[in-house]
Every structure is written in structure tokens, then in C-alpha cells.
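# Structure at a glance
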Amino acid sequence: MSKILIRGAKVLGGEPQDVLIDGEFIEAVGSGLDADGAQIVEAGGKVLLPGLVDLHTHLREPGREDSETVLTGTRAAASGGYTAVFAMANTFPVADTAGVVEQVYRLGQEHGYCDVQPIGAVTVGLEGKKLAELGAMHESAAGVTVFSDDGKCVDDAVIMRRALEYVKAFGGVVAQHAQEPRLTEGAQMNEGIVSAELGLGGWPAVAEESIIARDVLLAEHVGSRVHICHLSTAGSVEIVRWAKSRGIDVTAEVTPHHLLLTDEMVRTYNPVYKVNPPLRTERDVLALREALADGTIDIVATDHAPHPHEDKDCEWGAAAMGMVGLETALSVVQHTMVDTGLLDWAGVAERMSFRPARIGGLEGHGRPISAGEPANLTLVDSAYRGEVDPAGFASRSRNTPYEGRELPGRVTHTFLRGRATVVDGKLA
Ligand SMILES: [Zn+2]
């Protein structure tokens with residue numbers, strides 16, 4: 001493999017430097033590096049970040065290849081600056097055995113746009129009744145360490161306790177989709193003023209908060225580690241803040257859409273805004289931003305949830321829940337957190353690369369940009385402004401809430417172990 005010299009990049013948003021890549025690794029970082037024989041990438045003051053890591057992606061394969069495949073999903077990930085994604089288990093069949101997680105892992109390796117780390121189901125068939133083969137999935141070639149029934153909540157407290165006890169033995173983590181099922185029967189949107197006015201079934205904040213409260217207490221009781229998916233309410237932030245202050249081993253994520261959009265959008269009845277957990281209020285959005293800035297919320301995760309046209313382009317009540325996110329995540333984070341002064345680029349690297357890799361136990365990703373480290377890198381033109389055009393997405397699905405919205409920032413280059421997966425904003 002030849003050498004690549006990235007010239008004049010603001011590493012983590014700092015002073016412009018050169019970064020020399022040799023094969024799969026970073027050879028040197030400094031000023032005026034020797035470019036002899038190297039391919040040159042003129043960064044021109046763009047921001048260089050470690051390759052992004054998404055702890056929460058739905059790749060849909062096997063079973064729903066009409067909405068996404070491992071190939072199209074990882075191409076979308078690379079376009080968005082990601083070098084690794086964790087693939088959720090709610091596929092068909094469910095990723096609840098060593099066989100299915102190995103299949104997904106292998107597909108990721110074959111396609112090579114970004115690394116795919118499968119997440120295993122907590123319970124057989126996501127049914128919440130019987131623990132899946134957690135040990136076998138961990139020992140498989142996929143080396144699963146994160147387990148989740150995401151899409152559904154592990155609502156049985158005894159099953160949740162057993163899962164936490166089980167993964168403790170090998171340093172794994174249970175990622176909970178916190179949704180008390182009885183409190184959310186028939187729910188269509190956030191329960192509040194807007195749902196009352198529109199006459200749509202409400203998804204109350206307490207349905208999320210009560211499960212988080214229970215699970216941090218369970219994690220404390222068994223001395224295990226729990227991760228909370230897609231926090232969406234100010235009350236959830238308060239509970240996680242309290243749990244961390246007690247020394248409970250809890251981590252939490254927020255999605256880009258919960259950092260920007262509110263339930264006011266539902267007044268349009270455009271199903272593109274239908275998502276689980278639902279869009280909340282302005283007060284929640286501000287609390288989530290503050291919590292992401294102060295570390296109460298550890299990371300940003302996309303909850304990239306592709307759906308085919310026919311599952312979203314229908315009346316609100318019948319539409320599927322979820323939105324695509326891999327290709328717009330960094331722009332939304334720049335818009336809501338960087339351009340508002342809440343985070344600098346080093347802070348973004350922490351929340352979108354270093355910490356998600358650490359929480360998921362993923363080696364080779366989320367590493368510092370320094371000599372000897374794997375060359376997993378993302379170059380961002382933070383000065384760019386442009387309207388989101390889903391027609392240009394690499395994802396097989398187009399269900400983005402940002403169509404036509406102007407957002408800042410654009411990923412121009414992504415490198416996976418020294419190989420360019422994105423060059424000048426286009427897939428290589
Ligand atoms: Zn979920």
C-alpha cells in the first residue's frame with residue numbers, strides 16, 4: 001500500500017497539521033512532513049476526526065433487504081464519516097444465535113466500507129421471555145459484547161437482572177430500549193399538549209423514565225453495566241445524572257434527531273417525524289444538549305432506522321417508526337452542539353468515536369490521531385452549508401426528516417485502515 005499525506009488538517013479542530021498514513025497505520029503527525037512519493041490530500045483547514053463509531057444502527061439484513069442491506073448501510077455509514085457501526089439485532093431472523101451474528105459480521109467484512117460489529121439479542125426472538133445464547137454469541141467469531149432487544153424493551157425485571165448478571169462475567173453490556181409497554185400501548189407521539197390537541201395516542205415521558213430508574217438500580221444491585229439507548233426526556237437525564245453521582249456503571253446515548261426536532265413537527269402529520277422514542281418538547285431538547293455537553297449523556301448514536309417508501313408514505317397511524325441518520329448525524333451535531341458553542345471538535349470526537357468504541361469494547365476504533373494508531377479517519381469541511389438532498393443518499397431508504405433543510409458540514413474523506421472509502425464527498 002502506498003502512502004497518503006493529509007496536508008493542513010485541523011486535528012480535532014486544533015492547529016493545522018500534516019498526517020502521514022503508511023498502509024493501515026498513521027506513520028506521523030506534524031508540520032511540514034515529507035511527502036515524497038505519497039498521494040496528497042489537501043485538507044485546507046478542514047477538521048480531522050477519528051473515524052466515527054455508531055453504537056446503534058439498524059442494517060436490516062437479514063430479512064428486510066428492501067429497506068437496507070449491510071452493503072448499502074455501510075456505504076451510508078462511510079458517507080457520514082463512520083468507520084464502524086454496531087448492528088442492532090431486530091432482523092429477520094433475529095440476531096439471537098451465534099449463526100446469525102456471524103453472518104452479519106461476515107457480510108460487513110466482505111463489503112469493506114466500514115467495520116460491522118453485531119449486537120446480540122437479549123432474549124430469544126426479542127420476545128422478552130427467555131435469555132438468548134449470550135455466551136455463545138460472545139464466543140462466536142463476531143465476539144459480541146453488546147446485547148439489546150432494541151425496538152422492544154426488556155420489560156421483565158427478572159430477565160433484565162439475569163441478563164445483567166450474565167454479561168458481567170465477560171465484561172459485556174446490556175443496551176436497553178427503555179419503554180414500559182403497558183404505558184405506551186397505542187402510542188403515536190409524545191404525550192403532551194400537542195398530542196392532546198391532535199388527538200393522537202400519547203407516549204408519556206414516564207414510560208421511559210420508569211424503566212431507566214429500574215435498570216440503573218438493577219445494575220447497581222448486581223454490580224453490572226447498563227447502557228441506555230436514545231434518551232429522549234429531561235427526566236431521563238436527571239435519573240442518569242443521579243445514577244452516575246452514586247457511582248452506578250451506566251452510560252447513555254442521544255440521537256441527533258432528539259437534539260434538534262420537537263413534537264411540534266407532528267402537526268404536519270408527515271410520518272417522517274414518527275419515531276420511537278418520539279420527538280419530545282423544546283425543554284427536553286435543551287436538557288439533552290446540556291447533558292451531552294456535561295457528560296451525563298456519554299455519546300451520540302444515530303438509531304439509523306431505514307424504511308422503504310411504502311412503510312413511511314402513508315397516513316400517520318399506519319406509518320412505521322424511525323428515520324435514517326447515518327448520513328446527516330455529524331451535520332446535526334455540528335448544528336446543535338458545535339455551532340451553538342456547547343462542544344468543540346475534540347468534544348465531538350469523544351462523543352462520536354472514542355466513547356462509543358469504549359462502551360462497545362471495539363478495538364482499533366476510537367483511537368487518538370497519533371503515530372502508530374490505525375488510520376481510521378474522517379475529514380470534515382465544517383464551513384460547508386447545504387440543503388439535505390436524500391436523492392444523493394447511499395442508504396437504500398430515504399426517510400430523513402431533514403429533506404431540504406440547510407445543515408452545516410460535509411464529510412469529504414473517510415479512511416478505513418488507510419484505505420479511502422470516501423474521496424471528495426463521494427464513495428470510493
Ligand atoms: Zn430503540
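Residues numbered from 1 in each chain as written. Predicted model: local features only at pLDDT ≥ 70, side-chain atom pairs only at ≥ 80, totals over all residues. Heavy atoms only, no water.

### Focus on the UniProt feature "binding site: Zn(2+) 2" (unreviewed entry) in the protein chain
- Within the UniProt annotation, "binding site: Zn(2+) 2" (unreviewed entry) is assigned to Asp 150, His 177 and His 230. Spatially, the listed residues are clustered: although they cover 81 residues, their C-alpha atoms lie within 10.1 Å of one another.
- Here Asp 150 shows up in the loop between β9 (146-147) and α4 (157-168).
- Once residues within four sequence positions are removed from consideration, Asp 150 is found in contact with His 56, His 58, Met 88, Asn 90, His 177, Cys 229, His 230 and Asp 303.
- A polar contact of 3.0 Å, which involves the side chain of Asp 150, links it to the side chain of His 177.
- Structurally, the position occupied by His 230 is in the loop between β13 (226-228) and α7 (234-245).
- Dropping the residues within four chain positions of it, His 230 is found in contact with His 56, Asp 150, His 177, Glu 208, Glu 253, Thr 255, Asn 276, Pro 277 and Asp 303. (UniProt positions renumbered as here; feature names shortened; annotations may be inferred. Helix = DSSP H or I, 4+ residues; strand = E, 2+ residues; numbered from the N terminus. Contact = heavy atoms within 4.5 Å. Polar contact = N/O pair within 3.5 Å; in protein donor to acceptor, adjacent residues only side chain to side chain.)

### Some details on the sheet that holds strand β7 (residues 82-87)
- What the three strands build is an open sheet, ordered β6-β7-β8; its pairing is parallel. Whereas interior strands pair on both sides, the edge strands pair on one side only; in this sheet they are β6 (52-57) and β8 (115-118). Across the sheet, the mean angle separating the axes of adjacent strands is 20° when strand polarity is ignored.
- Bridge count for β7 against β8 is four bridges, and the pairing is parallel. Residue pairing in the sheet places Phe 86 in a bridge with Gln 117 of β8.
- Packing against the sheet, helix α2 (residues 98-111) makes contact with β7 and β8, and its axis sits at approximately 175° to β8.
- Contacts from helix α12 (residues 345-359) reach β6 and β7 within the one sheet, and its direction differs from that of β6 by about 55°. (Pairing = 2+ DSSP bridges. Axes fitted to C-alpha atoms, helices over the stretch in contact; angles between N-to-C directions.)

### What to know about the packing of helix α1 (residues 70-79) against α2
- Interhelical geometry of α1 versus α2 gives an angle of 60° and a closest axis separation of 9 Å. One element, α1, and the other, α2, form an angle in the oblique class. Regarding α1 and α2, the two cross each other, and that crossing is right-handed. In this structure, α1 uses Val 70, Leu 71 and Thr 74 to contact α2, whose residues at the interface are Leu 107, Gly 108 and His 111. (Parallel < 35°, antiparallel > 145°, perpendicular 65-115°, else oblique. Left-handed = near helix turned anticlockwise from the far one by under 90°.)

### Regarding a negative patch on the surface
- A cluster of acidic residues, Glu 387, Asp 389, Glu 403 and Glu 406, forms a negative patch at the surface.
- With respect to the helices, strands and loops of the structure, Glu 387 is situated in strand β16 (residues 377-387).
- A relative accessible area of 60% means that Glu 387 is categorised as exposed. (Patch = residues over 30% accessible without salt bridge, like charges linked within 9 Å, V, L, I, M, F, W, Y side chains within 5 Å. Areas by Shrake-Rupley, 256 points an atom, 1.4 Å probe, with all protein chains shown as cover. Salt bridge = Lys/Arg side-chain N within 4 Å of Asp/Glu carboxyl O. Lys, Arg positive; Asp, Glu negative; His and termini not counted. Charge placed at Lys NZ, Arg CZ, Asp CG, Glu CD. Buried < 20%, exposed > 50% of the residue type's maximum accessible area, 1.4 Å probe, protein only.)

### What about the coordination of the zinc ion?
- Within the protein, the atoms that donate to the zinc ion are Asp 150 (OD), His 177 (ND1) and His 230 (NE2), at distances of 1.9 to 2.3 Å.
- One chain supplies every donor to the zinc ion, and in sequence these donors are spaced D-x26-H-x52-H. One end of the pair, Asp 150, is in the loop between β9 and α4; the other, His 230, is in the loop between β13 and α7, with 80 residues separating them in the sequence.
- A relative accessible area of 3% places Asp 150 in the buried class. (Donors = N, O, S within 2.8 Å, 3.2 Å for Na, K, Ca; no water.)

### Looking at the side chain of Arg 289
- For Arg 289, the location among the structural elements is in helix α9 (residues 282-294).
- Despite its burial, Arg 289 pairs with no opposite charge, the nearest such side chain being Glu 282 at 5.9 Å.
- Apart from the residues within four sequence positions on either side, Arg 289 is in contact with Leu 259, Leu 260, Thr 336, Met 337, Thr 340 and Leu 342.

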